[in-house]
Amino acid sequence: MGDPFRLAAQGPVGAYQTFSVRSRPDGAVRTVCERVGCEAWRKGWESVIDERTDLGQAQAVYIRQRSGRTFREAKTDAGLTVFRFESGQRCFAEHQTRPELYLVRDGDYRGNPTGRRRVHTRAADWVEHMQEEFGRFGEDRRRG
């Protein structure tokens, strides 16, 4: 893959800031349903359990006594137990994600002359910082 297309810089490297989002490829961590867009979390789900088996009995006891989730319980004509879980609560899957780093550093592709860099812990803070900088840029441009 070749070098990316870049417009020629109009000022010194110190006049720029670079905003970027990165993630480590080896940094998977456990996360909640909401963060990964889990369909069960969004829409709710059903677990159909056969309590005539040892496994089914253990699953039903866990759901009723230790799961901490809100559910409605019903029986099918075949004798199976259906647990219907409402949306907005953690499902039973173990979700993983790669945490993102929200970075801001002085300079551009030519380098970072000051060595300053900032890592935001929340995406909202990074976006707010970028909006503030764009606002300053727009104000400077209006002033001439």
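Attention in this report is confined to the structure presented alongside it. (Residues numbered from 1 in each chain as written. Predicted model: local features only at pLDDT ≥ 70, side-chain atom pairs only at ≥ 80, totals over all residues. Heavy atoms only, no water.)

## Side note on the sheet that holds strand β7 (residues 100-106)
Strand order in this open sheet of three strands is β1-β7-β8, and the pairing throughout is antiparallel. Each having just a single partner strand, β1 (17-23) and β8 (117-120) make up the two edges of the open sheet. On average, adjacent strands in this sheet sit at an angle of 25° to one another, irrespective of strand direction. Strand direction decides the pairing type here: β7 and β8, joined by four bridges, are antiparallel. What sits directly across from V104, in β8, is R118. Each of β1, β7 and β8 is contacted by helix α4 (residues 123-143), which is oriented at about 160° to β1, the strand it contacts most. (Pairing = 2+ DSSP bridges. Helix = DSSP H or I, 4+ residues; strand = E, 2+ residues; numbered from the N terminus. Axes fitted to C-alpha atoms, helices over the stretch in contact; angles between N-to-C directions. Contact = heavy atoms within 4.5 Å.)

## Description of α4
Taking 1.5 Å of rise per residue, 21 residues should cover 30 Å, and α4 covers 30 Å from first to last C-alpha, within 8% of that figure. Of the residues making up α4, those classed as buried are W126, H129, M130 and G138. Buried positions along α4 lie against β1, β7 and β8. (Expected span 1.5 Å × (residues − 1). Buried < 20%, exposed > 50% of the residue type's maximum accessible area, 1.4 Å probe, protein only.)

## Quick notes on the packing of aromatic side chains
Applying the stated rule across the entire model yields eight aromatic pairs. On the numbers, 6.2 Å between centres and 70° between planes, the contact of F19 with W126 is edge-to-face. Of this pair, F19 sits in strand β1 while W126 sits in helix α4; the two residues are 107 residues apart in sequence, bridging distant segments of the chain. Between W45 and F92, the aromatic rings sit 5.9 Å apart at their centres with planes inclined by 85°, giving edge-to-face as the arrangement. Taken as a pair, W45 in strand β3 (residues 45-49) and F92 in the loop between β5 (81-85) and β6 (95-97) lie far apart in primary sequence, 47 residues in all. A residue is classified by how much of its surface remains accessible, and W45, at 12% relative accessible area, is buried. F92 gets classed as partly exposed once you look at its relative accessible area, which sits at 33%. These aromatic residues form a ring-pair network of at least three members: W45, Y62, F71, F83, F85 and F92. (Phe/Tyr/Trp six-rings, centres within 6.5 Å; stacked < 30°, edge-to-face > 60°.)

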